[in-house]
Amino acid sequence: MAISLWSWRESKLEICVDEQFLKVGRAKIERRFIAGAELLDQKSMSLARTRDLDPAAYLAIRFWIKTGVKVIIRDKRDPTPYWLISSKKAGDLVKALGY
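Note that the coordinates shown come from a computational prediction; the quantities given were computed from them, not determined experimentally. Each residue is numbered by its place in its chain's sequence as written, counting from 1. Since the coordinates come from a predicted model, pLDDT governs what is reported: local features require at least 70, and pairs of side-chain atoms require 80 or more to be given and counted, while whole-chain, interface and lining totals use all residues. As a convention, hydrogens and water are excluded, and side-chain values are obtained from all of the structure's heavy atoms.

Q: Is there a simple way to explain the nonpolar core in this structure?
A: One broad rule of soluble globular proteins: the nonpolar side chains tend to lie buried together. With 17 residues, the main nonpolar core has Leu22, Val71, Trp83 and Ile85 as its most contacted residues. Contributions of two or more residues to this core are made by strand S2 (21-24), strand S3 (27-30), strand S4 (34-40), strand S6 (68-73), strand S7 (82-86) and helix H3 (90-97). In this text, helices come from DSSP runs of H or I with a minimum length of four residues, and strands from runs of E with a minimum of two, each type numbered from the N-terminal end. Looking at this core element by element, the count peaks at four residues for H3. We call two residues in contact whenever any of their non-hydrogen atoms come within 4.5 Å of each other. Those residues in contact with valine 71 that lie beyond four places of it in its chain are Leu22, Ile34, Gly36, Ala37, Pro81, Tyr82, Trp83, Ile85 and Leu97. One finds Ala48, Ala57, Tyr82 and Leu84 within the second-largest nonpolar core, a separate group that totals seven residues. The definition of a nonpolar core used throughout is a set of buried Ala, Val, Leu, Ile, Met, Phe, Trp, Tyr and Cys residues joined through side-chain atoms within 4.5 Å. For every residue, the accessible area obtained with a 1.4 Å probe (protein chains only) is divided by the maximum for its type, and the residue is called buried under 20%, exposed over 50%, and partly exposed between those limits.

Q: Help me out: how do you make sense of the sheet that holds S6 in this one?
A: Pairing within the open sheet is mixed, and its four strands lie in the order S4-S6-S7-S5. Looking at the sheet topology across the chains shown, the edges are occupied by S4 and strand S5 (58-60). This sheet shows a mean twist of 15° between the axes of neighbouring strands, independent of strand direction. One ladder, built from six bridges, connects S4 with S6; its direction is antiparallel. A pair of strands is treated as paired once DSSP finds two or more bridges between them. A fitted line through C-alpha atoms serves as each axis, taken over the contacting stretch for helices, and the angle formed by two N-to-C directions is quoted from 0 to 180°.

Q: Can you walk me through the pattern of salt bridges in this structure?
A: Side-chain pairing between opposite charges can occur once the charged atoms of the two side chains come close. Any carboxyl oxygen of Asp or Glu that lies within 4 Å of a side-chain nitrogen of Lys or Arg is treated as forming a salt bridge with it. In this structure the tally under the stated criterion is four salt bridges. Put simply, arginine 51 and aspartate 52 hold a salt bridge, and the shortest N to O gap is 3.0 Å. Taking the relative accessible area as the measure of exposure, arginine 51 reaches 63% and is therefore exposed. Here aspartate 52 falls in the partly exposed class, since its relative accessible area comes to 41%. When the shortest N-O distance is used, the salt bridge between aspartate 75 and arginine 77 registers 3.5 Å. When its relative accessible area of 17% is taken as the criterion, aspartate 75 is described as buried. Accessibility expressed as a relative area gives 68% for arginine 77, which makes it exposed.

Q: Where do I start with the packing of aromatic side chains in this structure?
A: Aromatic rings in a pair are described by how distant their centres are and how their planes are angled relative to each other. Ring geometry is summarised as follows: Phe, Tyr and Trp rings, the Trp one being its six-membered ring, pair when their centres sit within 6.5 Å, and such pairs are stacked at plane angles under 30 degrees, edge-to-face over 60 and tilted between the two. Tallying each qualifying case throughout the model produces one aromatic pair. Measuring from ring centre to ring centre gives 4.7 Å for tyrosine 58 and tryptophan 83, while their planes differ by 50°; the resulting arrangement is tilted. Within this pair, whereas tyrosine 58 is found in strand S5, its partner tryptophan 83 is found in strand S7, the two being separated by 25 residues in sequence. Tryptophan 83 gets classed as buried once you look at its relative accessible area, which sits at 5%. Note on geometry: a ring has a charge over it if NZ (lysine) or CZ (arginine) is within 6 Å of the ring centre and within 35 degrees of the ring normal. Against the face of phenylalanine 21 rests lysine 28, its NZ or CZ located 4.6 Å from the ring centre.

Q: It is not clear to me how H3 should be interpreted in this structure. Could you clarify?
A: An α-helix turns once per 3.6 residues; consequently, residues spaced three or four apart project the same way. Within the sequence span of H3, burial applies to Ala90, Leu93, Val94 and Leu97. The arc enclosing the buried residues of H3, seen along the axis, measures out at 100°, which places them on a common side. Elements that come into contact with the buried residues of H3 comprise strand S1 (15-17), S2, S4, S6 and S7. Directly beyond the C-terminal end of H3, a positive phi value near 90° is found at glycine 98. Comment: arc refers to directions from the helix axis out to C-beta atoms.

Okay, here's the thing in structure tokens:
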């Protein structure tokens with residue numbers, strides 16, 4: 001039972017958007033480095049996390065969540081092209097980011 005509770009707690013993905021940062025789980029990035037955000041429906045998310053996945057992308061995905069957001073990163077010092085984030089409220093996340 002204790003392992004199940006720990007597993008469930010660790011699998012939960014906390015997403016927070018404030019004036020300066022996007023925080024997803026333990027990762028965070030300054031919003032000034034975000035160049036765009038794309039809403040991904042079930043089909044687009046499926047392709048984004050499989051066939052179309054860039055191996056340099058940051059992944060914050062849960063396979064049981066069918067929709068998500070692709071957050072485009074523009075930072076010359078960071079080789080990460082985008083963050084792929086699973087979210088049941090993907091539209092709300094895109095709006096919170098201003099896209």
